[in-house]
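Here is how the chains run, residue by residue.
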Amino acid sequence: MNGKSDKKHEAKQRRVRNVKQKGGIVMPVPVSKTDLPDGYANLLTSLKKRIQREGLKAVLSANKALVMMYWDIGASILERQQTEGWGAKVIDRLSFDLKEAFPDMKGFSLQNLKYMRKFAESWKDRQLVQRTVALIPWRSNLALLILGRFSI
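Residues numbered from 1 in each chain as written. Predicted model: local features only at pLDDT ≥ 70, side-chain atom pairs only at ≥ 80, totals over all residues. Heavy atoms only, no water.

1. Structural notes on the pattern of salt bridges
No. 1: All chains considered together, the criterion is met by 6 salt bridges.
No. 2: We note a salt bridge from E54 to K57, for which the minimum N-O separation is 3.4 Å. With E54 and K57 both in helix α2 (residues 40-84), this residue pair falls 3 residues apart, about one helical turn.
No. 3: Look at E54 and you get partly exposed, because its relative accessible area is 29%.
No. 4: Between R117 and E121 there is a salt bridge; the shortest N-O distance is 3.3 Å. In this pair, R117 and E121 both sit in helix α4 (residues 110-122), 4 residues apart, roughly one turn of the helix.
No. 5: R117 gets classed as partly exposed once you look at its relative accessible area, which sits at 22%. (Salt bridge = Lys/Arg side-chain N within 4 Å of Asp/Glu carboxyl O. Helix = DSSP H or I, 4+ residues; strand = E, 2+ residues; numbered from the N terminus. Buried < 20%, exposed > 50% of the residue type's maximum accessible area, 1.4 Å probe, protein only.)

2. Some points on the packing of aromatic side chains
No. 1: Under the criterion given, the structure shown has 3 aromatic pairs.
No. 2: With centroids separated by 4.7 Å and ring planes inclined at 70 degrees, the aromatic side chains of Y70 and W138 adopt a geometry described as edge-to-face. Residue Y70 is found in helix α2, and its partner W138 is found in helix α6 (residues 138-151); the two are separated by 68 residues along the sequence. Both residues of the pair, Y70 and W138, belong to the buried class.
No. 3: A ring pair is formed by F102 and F108, whose centres lie 6.1 Å apart and whose planes are at 45 degrees; its orientation type is tilted.
No. 4: With relative accessibility at 40%, the residue F102 sits in the partly exposed group.
No. 5: Taking the relative accessible area as the measure of exposure, F108 reaches 4% and is therefore buried.
No. 6: Of the aromatic side chains, those joined through ring pairs into one cluster are Y70, F119 and W138. (Phe/Tyr/Trp six-rings, centres within 6.5 Å; stacked < 30°, edge-to-face > 60°.)

3. What to know about the nonpolar core
No. 1: Counting residues in each nonpolar core, the largest one holds 20 residues, and the members touching the most others are I73, L113, M116, F119, V129 and W138.
No. 2: Elements represented by at least two residues in this core include exactly α2, α3 (88-101), α4 and α6.
No. 3: Residue contributions to this core peak at 6 residues, all from α2.
No. 4: With near-sequence residues (within four places) excluded, I73 lies in contact with F108, L113 and M116. (Core = buried A, V, L, I, M, F, W, Y, C linked by side-chain atoms within 4.5 Å. Contact = heavy atoms within 4.5 Å.)

Structure below.
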């Protein structure tokens, strides 16, 4: 074989080696780590760090959105209790209706709605909540509320 044919044959052999058949389905097989180009390990490490960092940012962002939503719900309940005289029965119904409307979501129990109200009552300034308190997970905020109840 001449040089050109040898290269084609080697390329074909590499393609065949990097393919596996299972149940009549052809699936690619990853290249051996020893066959990877220089710098691959650095790229992989860099991408893994970025994925972890962005994943953490997404979790923190979702937490902040959840805490702010809970504050808004609590503030709405508090406002209506103060201006329209809403009582516990309305909050009971609100809990039932929210759980029915969002069956896959947790957090709309009667007790949690009461915590949301207390949360909004304790932290009246929405901007402060947005800048600082919303960075703390909801369960930690609840712990602070419960601990605060005993120290007042």
